[in-house]
Amino acid sequence: MSLLLTFYLFSKKTRLYKIKLALFSLVFFICSLPILKTFLKIETISIKAITNVFAKINSYSLDHGNSSIPIETTNYLERMNMVLFRPLFLDAKSSLVYYIISFENLFFLITTILFLYLLFRKKTYLNQISFFLLSTSLLIILFLSLYMYNLGLASRMKVMFIPYLALGIYLSQKKQFFYEKEAN
């Protein structure tokens, strides 16, 4: 999805090409709906069916987990915050592992705040590569925030998006990387 978005935004192709790309994306999304049904184990795609799946996940996590994320009582931004930055020191149990994860999350929080500050101050340089990496990590974060029900699981799932995010942030700060590439 982020690759298609990158092509759409950064391509110097004609408007017709971009329309074809958008139509391809729509057809791809429609064709992937059966996979979504299988993943969620539902008969039909409806709000009620998806709500029931989330209620089952929430019930399971509250009954079987020490660090559950309540899906029904939190909004999407709260869950995204929990997936990205928790557990912090206040959430850490008596285990050393929780404190190590807290340091990692604190570093990630500071890095994210610094990157957003530089992004709004126009001190970042987004080109195709950094845009692709950052949009890929954002899409993974958005997807994980939908169904993540446990902080421990969220800590392990960060491996899926941190490499994209770290490399995207790094490359967006490397001014000479982009000027050298554009000169060639």
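None of these values were measured; they are calculated from a predicted model.

Student: I'd like to hear about the layout of surface pockets, residue by residue, with values.
Tutor: By rolling a water-sized probe across the atoms, one finds the places where empty space is left. A volume near 800 Å³ is recorded for the largest pocket. Lining of the largest pocket is provided by 22 residues; of these, Met1, Phe29, Leu36, Leu139 and Phe143 occupy positions nearest its centre. Breaking the lining of the largest pocket down by element, the ones donating at least two residues are helix H2 (15-31), helix H3 (33-40), helix H4 (47-64) and helix H7 (128-147). Per-element tally for the lining of the largest pocket: the top contributor is H7, with 7 residues. A per-class count over the lining of the largest pocket returns 18 nonpolar, 4 polar and no charged. Space inside the second largest pocket adds up to approximately 510 Å³. Looking at the lining of the second largest pocket, the elements that each hand over two or more residues are helix H5 (76-85), helix H6 (96-120), H7 and helix H9 (162-172).

Student: Quick rundown of H5? Include the residues and the values.
Tutor: Structurally, the α-helix is built with 3.6 residues per turn, so residues lying three or four positions apart point the same way. Turning to H5, its buried residues are Arg79, Met80, Met82, Val83, Leu84 and Phe85. In this structure, the buried residues of H5 make contact with H6, H7 and helix H8 (151-157). Measuring from the side-chain oxygen of the N-cap residue of H5 to the backbone nitrogen of Leu77 gives 3.1 Å; that N-cap residue is Asn75.

Student: With reference to specific residues and values, describe the packing of H5 against H7.
Tutor: Contact pair H5 / H7: the axes reach a minimum separation of 8 Å and the direction vectors enclose 110°. For the element pair H5 / H7, the angle class is roughly perpendicular. In contact with Tyr76, Arg79, Met80, Val83 and Leu84 of H5, H7 contributes Ile141, Leu142, Phe143, Leu144, Ser145 and Leu146. Looking at the contact of H5 with H7, its residues break down into 9 nonpolar, 1 polar and 1 charged.

Student: Please provide a residue-by-residue account of the packing of aromatic side chains, values included.
Tutor: The geometry of two aromatic rings is summed up by the distance between their centres and the angle between their planes. Scanning the entire structure with this criterion turns up 4 aromatic pairs. Considering the side-chain rings of Phe85 and Phe108, the 5.6 Å spacing of their centres and the 40° angle between planes classify their relative orientation as tilted. With Phe85 in helix H5 and Phe108 in helix H6, this residue pair connects regions lying 23 residues apart in the sequence. Here the two residues Phe85 and Phe108 agree in accessibility, since each one is buried. Aromatic ring contacts, followed pair by pair, group Phe85, Phe108 and Phe161 into a single cluster.

Definitions and cut-offs
In this convention, every chain numbers its residues from 1, walking through the sequence in written order. Restriction of local features to residues with pLDDT of at least 70 applies here, the model being predicted, together with a cutoff of 80 or more for giving and counting side-chain atom pairs; totals for whole chains, interfaces and linings are based on all residues. To obtain the side-chain values, all non-hydrogen atoms of the structure were included, while hydrogens and water were left out. Only protein atoms enter the 1 Å grid used here, on which a cavity is any set of points holding a 1.4 Å probe that cannot leave and a pocket is any open set flanked by protein within 12 Å on both sides along at least five of seven lines; residues with an atom within 4 Å of a point are listed as lining. Grid points are joined across faces, edges and corners, and a volume is the space filled by probe spheres set on the points. By definition, any uninterrupted DSSP run of H or I lasting at least four residues is a helix, any uninterrupted run of E lasting at least two residues is a strand, and each is numbered from the N terminus. Just so you know the grouping, Ala, Val, Leu, Ile, Met, Phe, Trp, Tyr, Cys and Pro go in nonpolar, Asp, Glu, Lys and Arg go in charged, and all remaining residues, Gly too, go in polar. Accessible area is worked out with a 1.4 Å probe on protein chains only. A residue is then buried under 20% of its type maximum, exposed over 50%, and partly exposed in between. Contacts between residues were defined by any pair of non-hydrogen atoms, one from each residue, lying within 4.5 Å. Pairing of N or O atoms within 3.5 Å defines a polar contact, subject to two protein rules: one partner must be a possible hydrogen donor and the other a possible acceptor, and residues neighboring in sequence count only if both atoms are side-chain atoms. Note on geometry: axes are C-alpha line fits, over the in-contact stretch for helices, and angles between N-to-C directions span 0 to 180 degrees. Orientation categories follow fixed angle ranges, with anything under 35 degrees roughly parallel, anything over 145 roughly antiparallel, 65 to 115 roughly perpendicular, and all other angles oblique. Each Phe, Tyr or Trp ring, with Trp reduced to its six-membered ring, pairs with another whose centre is within 6.5 Å; inter-plane angles below 30 degrees give stacked pairs, above 60 give edge-to-face pairs, and intermediate values give tilted ones.

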